[in-house]
Amino acid sequence: MITNEYLPFSSKVLKVTKHTPMEHTYTMEFAGAKDVVPGQFFELSLPKYGEAPISVSGIGENSVDLTVRSIGVVTDELFKYEAGRHLYIRGPYGNGFIADDYKDSELLVIAGGTGVSPVKAIIDYFGNHNDEVKSMSIITGFKSKDDQLFREDFKRWGKQMNVTLTFDRGDETKENIGLVTKYIPSVKVNNFDDAKAIVVGPPIMMKFAVKGLIERGYKEENIWISHERRMSCGLGKCGHCRVNSTYICLDGPVFNYTVGKDLID
Ligand SMILES: Cc1cc2nc3c(=O)[nH]c(=O)nc-3n(C[C@H](O)[C@H](O)[C@H](O)COP(=O)(O)OP(=O)(O)OC[C@H]3O[C@@H](n4cnc5c(N)ncnc54)[C@H](O)[C@@H]3O)c2cc1C
Ligand code: FES
């Protein structure tokens, strides 16, 4: 059967989780999503308002979590939706993180702010399949303790992997204070041939985090990044996301650093 990837499907909002005290960020679980890979994204379609690409932050049996920051026309309207209501979504789009790329590695994930959302499902995957990696560490940064997302998940991750949670500002006697780059030298690595890293966040953060990794001994080909660029169609038709001959929506948003380094703004 020929399917039209461009066609949205009606999806029921199964659950809405508010990230208090960050009231401008919700995680919404949508029904009917199939064959989803961590790091992919969906287009949320609200008739009369428009569309917004949103990364997958969790994968259920027949559902998907999207963590949305309310900052404009579509996302503000979306915040009026409660569990039980239907809306149109289309996807999944993009390549995502392929678990096989990281198997048997000493895996480090570095993410900042809402950048934790696109890597959450891959962190969950290796948290639940610890035997598939030699070691698993994450370094995550938020502006302040009040800006921290996924608090319940962090409690679980703390038991499954090495977690460094840091804030740009706060009480140095109670928590890690400083940028994620400050903690790269502390990550335990046994063999840099096995050391792989995923870095997701604002372009400036990705740039300096990758620099820190390379200085530490990580190889460029063992580093992956994910790009968030303005998109429209989400599936390689409109050219909005194109950089030279690369379509971020189609060829990415996840790139090995050897390719992705030329796409950072
Ligand atoms: C691949 C991808 C994954 C994304 N994942 C997430 C996610 O998981 N959660 C999330 O909250 N957001 C995510 N975004 C960003 C999200 O798509 C935008 O915030 C959303 O489209 C805004 O739509 P709006 O109509 O509400 O805002 P608009 O009314 O269109 O814009 C409001 C403001 O946001 C700016 N803006 C809009 N889109 C972008 C963008 N892509 N980059 C920078 N500035 C922008 C506008 O310039 C304007 O200042 C992702 C974007 C991409 C491309
Ligand atoms: S968003 Fe249309 S081509 Fe990528």
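Residues numbered from 1 in each chain as written. Chains lettered and ligands numbered in written order. Predicted model: local features only at pLDDT ≥ 70, side-chain atom pairs only at ≥ 80, totals over all residues.

Q: What should I look at first to understand the overall build of the protein in this one?
A: Assigned secondary structure in the protein consists of 6 helices and 15 strands. Compactness check: the protein gives a C-alpha radius of gyration of 18 Å against a globular reference of 18 Å for 265 residues, within 12% of the reference. Across its three principal directions, the C-alpha atoms of the protein cover 50 × 40 × 35 Å. The buried share of the protein, reckoned over its 265 residues, is 40%. Within the protein, counting contacts between residues at least 6 apart in sequence, those at least 24 apart form 69% of the total. (Helix = DSSP H or I, 4+ residues; strand = E, 2+ residues; numbered from the N terminus. Rg over C-alpha atoms; globule rule 2.2 N^0.38 Å. Buried ≥ 20, exposed ≤ 12 C-beta atoms within 10 Å, placed from the backbone. Contact = placed C-beta atoms within 7 Å.)

Q: Just to check I follow, could you spell out unusual backbone geometry for this structure?
A: Peptide bonds are, in most cases, trans, and in most cases residues other than glycine have a negative phi. With omega at 5°, the peptide bond leading from glycine 91 into proline 92 counts as cis. One can find proline 92 in strand E6 (residues 86-93). A cis amide bond, omega 10°, links glycine 252 with the succeeding residue proline 253. One can find proline 253 in the loop between helix H5 (248-251) and strand E15 (254-256). Within the chain, aspartate 35 stands out as a residue other than glycine whose phi angle is a positive 50°. With respect to the helices and strands, aspartate 35 occurs in the loop between strand E2 (25-31) and strand E3 (41-46). Residue class for aspartate 35 comes out exposed when judged on the 7 C-beta atoms lying within 10 Å of it.

Q: Before we go on, may I ask you to explain the sheet that holds strand E7 (residues 106-112) in this structure?
A: Each strand in a sheet pairs with its neighbour through backbone hydrogen bonds, running either in the same direction (parallel) or in the opposite one (antiparallel). Strand order across the open sheet formed by 7 strands is E10-E9-E8-E7-E11-E12-E15, with mixed pairing between neighbours. Every other strand in the sheet has two partners, leaving strand E10 (176-177) and E15 as the edge strands with one partner each. Note that strand E9 (residues 162-167) and E10 share 2 bridges and pair parallel. Note that in E10 the partner of threonine 166 across the bridge is asparagine 176. Helix-sheet contacts for helix H2 (residues 116-128) involve E7, strand E8 (135-142), strand E11 (195-200) and strand E12 (223-226), and the interaxial angle to E7 is about 155°. (Pairing = 2+ DSSP bridges. Axes fitted to C-alpha atoms, helices over the stretch in contact; angles between N-to-C directions.)

Q: Is there a simple way to think about the domain arrangement of the protein in this case?
A: Note: interface size is frequently given as the accessible area lost on complex formation between the parts. According to the domain assignment, the protein contains domain 1 (9-93) and domain 2 (99-263). Counting residues at the interface gives 18 residues for domain 1, matched by 18 residues for domain 2. For the side of domain 1 that touches domain 2, the element with the most residues is strand E4 (residues 50-59), which contributes 6 residues. Here the residues of the side of domain 1 that touches domain 2 are counted per class, giving 8 nonpolar, 8 polar and 2 charged. (Domains from an automatic or database assignment. Nonpolar A, V, L, I, M, F, W, Y, C, P; charged D, E, K, R; others polar.)

Q: I tried to follow the site of ligand 1 on my own but got confused; where do I start?
A: The environment of ligand 1 is formed by 21 residues, the closest being Ala52, Arg69, Gly72, Val74 and Thr75. Those elements that place two or more of their residues in the shell around ligand 1 are E4, strand E5 (63-69) and helix H1 (73-78). Looking at which element gives the most residues to the shell around ligand 1, the answer is E4, with 5 residues. Of the residues belonging to the shell around ligand 1, the class tally is 10 nonpolar, 7 polar and 4 charged. Counting only domains with at least three residues in the shell around ligand 1, you end up with domain 1 (9-93) and domain 2 (99-263). (Near = placed C-beta within 6 Å.)

Q: Explain the nonpolar core here, please?
A: One recurring pattern in soluble globular proteins is that nonpolar side chains are buried together. If you look at the biggest cluster of nonpolar residues, it comprises 62 residues, and the most contacted ones within it are Val109, Ile110, Ala197, Ile198, Val199 and Ile223. Of all the elements, H2 adds the most residues to this core, at 6 residues. Taken domain by domain, this core gets at least three of its residues from each of domain 1 (9-93) and domain 2 (99-263). (Core = buried A, V, L, I, M, F, W, Y, C linked by C-beta atoms within 7 Å.)

Q: Looking at this structure, how should I read the packing of H2 against helix H3 (residues 151-160)?
A: Two measures define how a pair of helices packs: the angle their axes make with one another and the distance between the axes. Packing of H2 against H3 brings their axes to within 10 Å, and their N-to-C directions diverge by 40°. Classified by the interaxial angle, the pair formed by H2 and H3 is oblique. Between H2 and H3 the crossing geometry is left-handed. Two secondary-structure elements touch here, H2 through Lys120, Ile123 and Gly127 and H3 through Asp153, Arg156, Trp157 and Gln160. The residue inventory of the contact of H2 with H3, partitioned by class, reads 2 nonpolar, 2 polar and 3 charged. (Parallel < 35°, antiparallel > 145°, perpendicular 65-115°, else oblique. Left-handed = near helix turned anticlockwise from the far one by under 90°.)

Q: Sorry, what's going on with the pairing of E8 here?
A: Two faces, one strand: in a regular strand the side chains alternate between the faces of the sheet. Most of E8 is tucked away: 7 of the 8 residues are buried. Sheet topology places E7 next to E8; 7 bridges connect them, and they run parallel. When the bridges of E8 are listed, valine 109 appears paired with isoleucine 138. Regarding the hand of the β-α-β motif, the stretch spanning E7, H2 and E8 is right-handed. Taken together, the 6 bridges between E8 and E9 define a ladder with parallel strand orientation. Across the sheet, residue isoleucine 138 finds its bridge partner in E9, namely valine 163. Taken together, E8, H3 and E9 constitute a β-α-β crossover, and its handedness is right-handed. (Right-handed = clockwise from strand over helix to strand, strands pointing away.)

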